[in-house]
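Chain by chain, the residues run as shown.
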Amino acid sequence: MDKFEKAFNEIIENDLKVEPRDWMPEKYRQTNIRQISQHAHSEIIGMQPEGNWLLRAPSLRAKQVLLAKIQDEAGHGLYLYSVAETLGISRQEMIQQLHEGKAKYSSIFNYPTHTWADMGAVGWLVDGAAIVNQVSLQRTSYGPYSRAMVRICKEESFHQRQGYEIMCQMAFGTPEQKEMAQDALNRFWEPALMMFGPHDADSIHKNESMNWKIKRESNDHLRQRFIDRTVPQAHYLGLEIPDPNLSYNEATEHWETSPFNWEEFWNVIKGNGPCNQERIDHHIKAHNDNKWVREAAAAYAEKTENKVA
Amino acid sequence: MESGDKVWEVFVQKKPGLPFKHAGNVHAYDKKMAIQNARDLYTRRSEGRALWVVPTEAIISVPLGDADAFFDPADDKAYRHATFYDVPDGVKHL
């Protein structure tokens, strides 16, 4: 073992942070690039289901809030692309991988958002699940990723609350509104639980990621934390969790759920979800439609930046 | 990287009198775009009232392999610290 490898192992062992210019195993670098770029793409693609409601928000306040949230998601995508770039991949390469289907993003964004109540369910459940995951990742071993998570968690704390506020307005509104809230919960509950990924026993990257402290807590552990927090929040709203087998285990003090429909999970990951094609097509179209802007910016910079002041 | 697109490092000063702190980086094609993107990305919640952007390529750092040799002249010079010196009992304001 050379001195660089020894230094890397010591960083991991002592819970310190690996920095961009430190030596690291190639597999550590690649695993981080895969995970961080997937995380970045999720933030960016995640703007689409919410953007769908921007021009139909029910009030000016709701519109302002939604716009601020979407702007945050864009910012979070950019922080994360920056983090991945410190590992030696360019943003352009990452976007190309996304367009070619080589890089993934969270499957949750392949579900459509049918009603305004879905904006509530997305903030409450999808951001809620993301926050549980991201709080855990604040302790990830790669320094720039860890710092981005700290910043993102700080900014996202309003996302979940605004979602829950919408759920309250709907659940305590007219019978029709309450029905929409229940319908949104029905559709987003299981996909939100599956955001934490496969069960620990089936997770292919688990051991290595845990040993290198890229991941700090297992998928099942994080999922359980989310379930335990969320079930009482649903009860407050007077809504029913769409799982006939949901029950509280007094001994473990955890809520227990039915087995998930993993067939659907893998099917959506493989690209057959309701909106996979639409999301990527939209991203490609926006990227191509804006090509002239990038060209104009490059031409303008060429003209002005080299001028002697 | 696409032609013309550059990476700029961003430094934010939270309040007058405090040092500028590295916040992260942005992509931009020119100085003006860099500072505007930095504002939109790093000061959306009034995190600062002053910003610097510097092209990443303009930052010089010590090569990884040379770091030990580069910094070790400081390692054996304890006399540069105030704690190196004995202060007689009873003597104040030293």
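Just so you know, these numbers come straight off a predicted model, no measurement behind them. Every chain is numbered independently, its residues counted from 1 as its sequence is written. Chain labels run from A onward and ligand labels from 1 onward, assigned in the order the entries are written. Residues qualify for local features only when their pLDDT is at least 70, as the model is predicted, and side-chain atom pairs are given and counted only at 80 or more; totals for whole chains, interfaces and linings, by contrast, use all residues. Water and hydrogen atoms play no part in the side-chain values, which are based on all heavy atoms of the structure.

## Considerations on the overall build of chain B
For clarity, the threshold we go by: Helix and strand definitions here come from DSSP, where helices need a minimum of 4 consecutive H or I residues and strands a minimum of 2 consecutive E residues; each element is numbered from the N-terminal end. For the radius of gyration, the atom set is restricted to C-alpha positions; the globular benchmark scales as 2.2 Å times the number of residues to the power 0.38. Relative accessibility under 20% of the residue-type maximum defines a buried residue, over 50% an exposed one, and the middle range a partly exposed one, all with a 1.4 Å probe and only protein chains included. In this description, contact between two residues means that some pair of their heavy atoms is separated by no more than 4.5 Å. Shrake-Rupley sampling with a 1.4 Å probe provides the accessible areas, and residues are treated as covered by the protein chains on show and by no other component.
Helix and strand counts for chain B stand at two helices and three strands. Counted from the first residue to the last, chain B has its helices and strands arranged as β-β-α-β-α. The globule rule puts the C-alpha radius of gyration for 94 residues at 12 Å, and the 21 Å found for chain B is more than 25% above it. With respect to the principal axes defined by its C-alpha atoms, chain B has extents near 65 × 35 × 15 Å. Here chain B holds 94 residues, and 26% of them are scored as buried. Nonlocal contacts in chain B, meaning residues at least 24 apart in sequence, comprise 42% of its contacts between residues at least 6 apart. Accessible surface, chain B as shown: approximately 7000 Å² in total, 57% of it carbon and sulfur.

## Focus: the nonpolar core
Residue and element names in this part refer to chain A. The condition that has to hold: Nonpolar core, defined: a set of buried Ala, Val, Leu, Ile, Met, Phe, Trp, Tyr and Cys residues in which side-chain atoms within 4.5 Å join the residues together.
By size, the foremost hydrophobic cluster in this structure holds 51 residues, and its most contacted members are Trp116, Trp124, Leu125, Phe188 and Phe226. Among the secondary structure elements, those contributing two or more residues to this core are α4 (60-85), α6 (116-137), α7 (143-171), α8 (175-194), α10 (219-237) and α11 (262-272). Counting residues per element, this core draws most heavily on α6, at 10 residues. Excluding residues within four positions of it along the chain, Trp124 makes contact with Gln160, Gly163, Tyr164, Met167, Leu185, Thr230, Gln233, Ala234 and Leu237. Residues Met24, Tyr79, Tyr81 and Met149 belong to the second largest nonpolar core, which totals 37 residues.

## A look at the packing of α6(A) against α8(A)
All names here are of chain A. As a reminder of what qualifies: Comment: axis = line fitted to C-alpha atoms, over the contacting stretch for helices; angle = value between 0 and 180 degrees taken between N-to-C directions. Convention used here: angles under 35 degrees read as roughly parallel, angles over 145 as roughly antiparallel, angles from 65 to 115 as roughly perpendicular, and any remaining angle as oblique. In this scheme the handedness of a crossing depends on how the near helix is turned from the far one: anticlockwise by less than a right angle means left-handed, clockwise means right-handed. Just so you know the grouping, Ala, Val, Leu, Ile, Met, Phe, Trp, Tyr, Cys and Pro go in nonpolar, Asp, Glu, Lys and Arg go in charged, and all remaining residues, Gly too, go in polar.
It is at 9 Å that the axes of α6 and α8 come closest, and there the two elements cross at 30°. Between α6 and α8, the angle is such that the two are roughly parallel. Between α6 and α8 the crossing geometry is right-handed. Contacts between α6 and α8 involve Trp116, Ala117, Asp118, Ala121, Val122, Trp124, Leu125, Val126 and Ala129 from the first element and Met180, Ala181, Ala184, Leu185, Arg187, Phe188, Trp189 and Ala192 from the second. In terms of residue class, the contact of α6 with α8 is made up of 15 nonpolar, no polar and two charged.

## Description of the interface of chain A and chain B
For the record, the criterion: The term buried area refers to how much accessible surface (probe radius 1.4 Å) is lost by two components on association, counted for both of them together. Salt bridge criterion: a side-chain nitrogen from Lys or Arg within 4 Å of a carboxyl oxygen from Asp or Glu.
On the chain B side, the residues contacting the 24 residues of chain A number 22 residues. Between chain A and chain B, roughly 2100 Å² of surface is buried when both sides are summed, and carbon and sulfur atoms account for 45% of that area. Three residues stand out in chain A for area buried against chain B, namely Arg21(A), Gln92(A) and Glu305(A), and they jointly supply 26% of the buried area on that side. The tally of links between chain A and chain B comes to seven salt bridges.

## Quick look at α7(A)
The condition is simple: Each residue after the first adds 1.5 Å to the expected span of a helix. One fitted axis covers the seven residues ending at a residue, a second covers the seven starting there, and the bend at that residue is the angle between these axes.
In this model α7(A) runs 42 Å from its N-terminal to its C-terminal C-alpha over 29 residues, within 8% of the 42 Å that 1.5 Å per residue would give. The sharpest bend along α7(A) reaches about 35° and sits at Glu155(A).

## Digging into the pattern of salt bridges
Using the criterion set out here, one finds 28 salt bridges over all chains in the structure. In this structure, Lys69(A) and Asp127(A) form a salt bridge, with 3.0 Å as the shortest nitrogen-oxygen distance. Separated by 58 residues along the polypeptide, Lys69(A) in helix α4 and Asp127(A) in helix α6 bring together distant segments of the chain. By relative accessible area, which is 0% here, Lys69(A) ends up buried. For Asp127(A), a relative accessible area of 5% corresponds to the buried category. Here Arg279(A) ties to Glu278(A) by a salt bridge, and the two come within 3.8 Å at their closest N and O atoms. Overall, the relative accessible area of 4% leaves Arg279(A) in the buried class. Take Glu278(A): its relative accessible area is 48%, and that puts it in the partly exposed class. It is possible to trace a salt-bridge network through shared partners that takes in Asp72(A), Arg151(A), Glu155(A), Arg44(B), Arg45(B) and Glu47(B).

## With respect to the side chain of Thr115(A)
Residues and elements named next belong to chain A. To keep it simple, the criterion reads: Polar contacts here mean pairs of N or O atoms no more than 3.5 Å apart (in protein, one a potential hydrogen donor and the other a potential acceptor; neighbouring residues in sequence count only if both atoms are side-chain atoms).
Inspection of the secondary structure puts Thr115 in the loop between α5 (91-99) and α6. Within the structure, Thr115 has its side chain in polar contact with the backbone nitrogen of Ala117 (distance 3.2 Å). Those residues in contact with Thr115, other than ones at most four positions away along the chain, are Trp53 and Met180.

By themselves, these are just geometric observations and shouldn't be taken as functional.
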